[in-house]
Amino acid sequence: MSAARQAEIRNARLKHFQEKIVEIKNKLNEADAFSSVIEELEKDILELMQADRMTVYRCSRNGRTITSVFASGSDGTVIAVPLSTTSISGYVALSQVPLRINAVHNAELLKEIHPKLRYDTSFEKKTGYRCDSMIAVPIRKDKILLGVLQFINQVEGKGFSQADLISATELALLIADKFGEEFQATSNPYEYLVKNGRLTQKQLDDALEKSRRNKSPVTRLLIHDHQIAPEEIGKSLEKYYQVPFMQYDQDLEVPADLLEELNATYLKRQCWIPIKGDREEAVVLIDDPSDYNRIMEMERILNVKKLAFMVGLREDIFKFINSVFNTTSAGDGEAMGLDALMDRLHDDIDLVDDVDDDSADAAAANDSTIVNLVNQIIVEAFRAGTSDIHIEPSKGKSPAIVRIRVDGLCRQLLTIPFNRIKEVVTRIKVMSRLDIAERRKPQDGKCKIRISGKNVELRVATLPTVNGEGAVLRILAAGGAMPVDKLNLTDHNRSRIEEAISHPHGLFLVVGPTGSGKTTTLHAILGHLNTTDRKIWTAEDPVEITQPGLQQVQVQPKIGFNFAAAMRAFLRADPDIILIGEMRDKETSHIGVEASLTGHLVLSTLHTNSAPETITRLLDLGLDPMSFSDALLGILAQRLMRTLCGDCKEEYEPSQQEKEYLMNNYGAIEFAKLGINPAKMNLYKAKGCARCGDTGYRGRTGIHEFLQSTPEMQRMIYRNADLEDMRKQAIKDGMRTLFQDGIGKVLRGQSDMEQLRKVVSA
Ligand SMILES: [Zn+2]
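Just so we're clear, the structure is a prediction, and the values are computed from it rather than from any experiment.

Peer 1: Kindly report on the overall build of the protein chain, identifying the contributing residues and their values.
Peer 2: If you tally the helices and strands in the protein chain, you get 29 helices and 24 strands. Here the C-alpha radius of gyration of the protein chain, 29 Å, is about what a compact globule of 762 residues would show, namely 27 Å. For the C-alpha atoms alone, the extent of the protein chain along its principal axes is close to 85 × 75 × 60 Å. In the protein chain, which comprises 762 residues, the share counted as buried stands at 50%. Counting contacts in the protein chain only where the partners sit at least 6 residues apart, residues at least 24 apart contribute 65% of the total. Per element, the accessible surface of the protein chain, about 35,900 Å² overall, is 48% carbon and sulfur. Once the 98 positive and 107 negative side-chain charges of the protein chain are each reduced to a mean point, those two points are 3 Å apart.

Spelled out as structure tokens, the structure:
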């Protein structure tokens, strides 16, 4: 079949899909209730998904089970499934991760997804209907789980595709809107108060801002500054979290056996407390029932078969904790400082025997002092703007060292007594679900935590050293995109880049080594392109920066969902712009080029050192020179350079030697164009003050080299020209090299000679 014919079929399918989606959406909108319209929609939805059966589950009010509201071929029996690993739909509800499994009876396959995941065969045994392939996706509005949508058995027996999974996710979004409407769900915990005129959006925003600044609960501000009754706040929380609200009740007897192995410090830190029930089924009061991370930890620690939730005010939860443990309320909500924690560790340094038993280790690692210490290290590091935390065991009885990397350089944060380091590393392994018994081999894992309301992902690597096991934690803060203005592009580069990305299709690349800020730049560019009339898909590993309006997907190479697979799925999903995290192999780069030739703007990155080198690298990978030269819009190479602290940098007159170094490397002719009189040239150097931690530097800036595709350059690519010739042509076409851009930034006093030499010699 010709490529044109294939594209035609693909477009026809896509059009059909979009039309059906709109039809389904309209029918859902018109219906009074989901239950009154789903039977009518079943045929359309199944045809669209090429599935034999479907089940729609809805969350129950306690937030811990999902129950079926519709199931193909069912006699109306309601299926109730706990949020747990005992069934696939239950696991999807628990983890909120969409799943596609083409052999549900294959236990090994399930184990790869989660060690405890099982397929519940009770339904098959009862009905005789056998299930092979399955898709299950969470039905979510914002981050609140409302149900699960499940499809069973691809009709042609070939299994569901990744594209089907994306289609299912789109359908789940439509159902989420309907469920949200029926639940009267709100889109933030306090929206109900605004909707009911109890306070204005501005007042709410101010209160949230003040709460962040003072690190005090926003509910306290709402009660004291705005005289809103706790009951009203409770009503608002109920609407959002979809679980019942509970206030402090001094007569309530908290079941003592649920509190075994728990202590007040830990519970205050975590802000939850079990208030009813037993080990079979317990109810936990928590301030944020959507905090999946705390709930996972709670499940491990409480060891209760079934959990249900109620939402409470932070101050009420503290009152319960204080009354149960007879503690005073001093220090409520305040995290214990690092110093105090370290004191405690040093105090009981003689009490801890050096045990070598794994179960004892695991218990010790859950000790609240260790838990708090690890949490505090992470919080402290995060606040300092750290990218990596290094936990390094030392020789013999010397204390272990914790160092953090800020703006590219390491510094010491604190030391840990030698006999506690093992527990600290074990705690980190528990958090990131690594095998705690394995200490001789390196392991990789990750975990998600929340710091001051921000989602933070930690990538954890443990390594055995001769002094014991150490760990490195990379902090990936999910933040918004940086505006293009803040990239510190020269006007020359900025206008050329904007010209390049104004094309509706083509390939735009950002290149540089790891840690050169490629992702930041790409997201700034996406932010610039992100308008409502354009559909943008991104596949990233990991998703570090999120932007409203973008459909962002995390690739999972372990289950075969790599960049190439994501790219193929996107092409079915009607994109205008596609960001593909990295073109690391021929397949991905080939699809990227093809996509950019068929009407899409494709953005990606490569690990190459310079813009011209990128071209030779891609041709070496085996890309067709003709297609590639047609597709290419431009290549931006970049590095990060430390910037001088604006509060203490010192002006000085450079030596003749330094002046010549700058002028020669910039190029005499180009330098003359800058209009700088060499006799009056002044530079800046680092000094150091309190604001920059005595380093003389604060923050980093990008330096850039932009190669724009021109007809001459295209011809050179097509005939696979020599690297040096392409470099010369690029400069002729207006490219300033990284070195030139760096010199420009030194001349403007943003950085100094020392940093320039470091960056260009690296
Ligand atoms: Zn300074």
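From this point on, the discussion continues.
Peer 1: Describe the domain arrangement of the protein chain, and please don't skip the residues or the numbers.
Peer 2: Under the domain assignment used here, the protein chain contains domain 1 (3–183), domain 2 (191–325), domain 3 (338–477) and domain 4 (484–642 + 700–742). Facing the 8 residues of domain 1 at the interface are 7 residues of domain 4. Summing both partners gives a buried area of about 930 Å² for domain 1 against domain 4, and 64% of it is carried by carbon and sulfur. Three residues stand out in domain 1 for area buried against domain 4, namely Leu 14, Gln 162 and Ile 166, and they jointly supply 46% of the buried area on that side. Put simply, domain 1 and domain 4 have 1 residue pair in polar contact (both at pLDDT 80 or more) between them. Contributions of two or more residues to the side of domain 1 that touches domain 4 are made by helix H1 (3–30) and helix H6 (162–183). Looking at which element gives the most residues to the side of domain 1 that touches domain 4, the answer is H6, with 5 residues. Among the residues forming the side of domain 1 that touches domain 4, the class breakdown is 4 nonpolar, 3 polar and 1 charged.

Peer 1: Quick one: what's the story with the confidence of the model for the protein chain, residue by residue and with numbers?
Peer 2: On average, the protein chain scores 85 in pLDDT, and the residues at 70 or more come to 93%. Per-residue pLDDT, averaged within each element of the protein chain, yields its smallest value for helix H15 (residues 358–365) (55) and its largest for strand E16 (residues 506–511) (97). Counting interchain partners and residues more than four positions distant, the pLDDT-below-50 stretch residues 328–336 has 13 contacts. Contacts of residues 346–359 to residues separated by more than four positions or lying in other chains number 14 contacts, the stretch itself having pLDDT below 50.

Peer 1: Describe the packing of helix H8 (residues 201–214) against helix H9 (residues 218–226), listing the residues and the values that go with them.
Peer 2: Running from N to C, H8 and H9 point in directions that differ by 125 degrees, and their axes come no closer than 9 Å. Taken together, the axes of H8 and H9 are oblique relative to one another. In the crossing of H8 with H9, the sense of the turn from one axis to the other is right-handed. Seen from H8, the contacting residues are Gln 203, Ala 207, Leu 208, Lys 210 and Ser 211; seen from H9, they are Val 218, Leu 221, Leu 222, Asp 225 and His 226. Among the residues forming the contact of H8 with H9, the class breakdown is 5 nonpolar, 3 polar and 2 charged.

Peer 1: Go over the pattern of salt bridges, please, and point to the residues and values.
Peer 2: For the structure on display, the rule yields 36 salt bridges. Residue Arg 474 pairs with Asp 388 through a salt bridge whose shortest N-O separation is 3.0 Å. Residue Arg 474 is found in strand E15 (residues 468–477), and its partner Asp 388 is found in strand E10 (residues 386–392); the two are separated by 86 residues along the sequence. On the basis of relative accessibility, which here comes to 39%, the residue Arg 474 falls in the partly exposed class. Given a relative accessible area of 7%, Asp 388 falls into the buried group. In this structure, Arg 494 engages Glu 498 in a salt bridge whose closest nitrogen and oxygen atoms are separated by 2.9 Å.

Peer 1: Give me the packing of aromatic side chains: which residues, what numbers.
Peer 2: This model, assessed by the stated rule, comprises 8 aromatic pairs. Geometrically, the ring pair formed by Tyr 240 and Tyr 241 is edge-to-face, given 4.7 Å between the ring centres and 70 degrees between the ring planes. Across the pair, Tyr 241 and Tyr 240 agree in class, each one buried. Directly above the aromatic system of Phe 17 lies the positively charged group of Arg 572, at a separation of 5.4 Å from the ring centroid.

Rules of the game
- Residues numbered from 1 in each chain as written.
- Predicted model: local features only at pLDDT ≥ 70, side-chain atom pairs only at ≥ 80, totals over all residues.
- Heavy atoms only, no water.
- Helix = DSSP H or I, 4+ residues; strand = E, 2+ residues; numbered from the N terminus.
- Rg over C-alpha atoms; globule rule 2.2 N^0.38 Å.
- Buried < 20%, exposed > 50% of the residue type's maximum accessible area, 1.4 Å probe, protein only.
- Contact = heavy atoms within 4.5 Å.
- Areas by Shrake-Rupley, 256 points an atom, 1.4 Å probe, with all protein chains shown as cover.
- Lys, Arg positive; Asp, Glu negative; His and termini not counted.
- Charge placed at Lys NZ, Arg CZ, Asp CG, Glu CD.
- Domains from an automatic or database assignment.
- Buried area = accessible area lost by both parts, 1.4 Å probe.
- Polar contact = N/O pair within 3.5 Å; in protein donor to acceptor, adjacent residues only side chain to side chain.
- Nonpolar A, V, L, I, M, F, W, Y, C, P; charged D, E, K, R; others polar.
- pLDDT = per-residue confidence, 0-100.
- Axes fitted to C-alpha atoms, helices over the stretch in contact; angles between N-to-C directions.
- Parallel < 35°, antiparallel > 145°, perpendicular 65-115°, else oblique.
- Left-handed = near helix turned anticlockwise from the far one by under 90°.
- Salt bridge = Lys/Arg side-chain N within 4 Å of Asp/Glu carboxyl O.
- Phe/Tyr/Trp six-rings, centres within 6.5 Å; stacked < 30°, edge-to-face > 60°.
- Lys NZ or Arg CZ within 6 Å of the ring centre and 35° of its normal.

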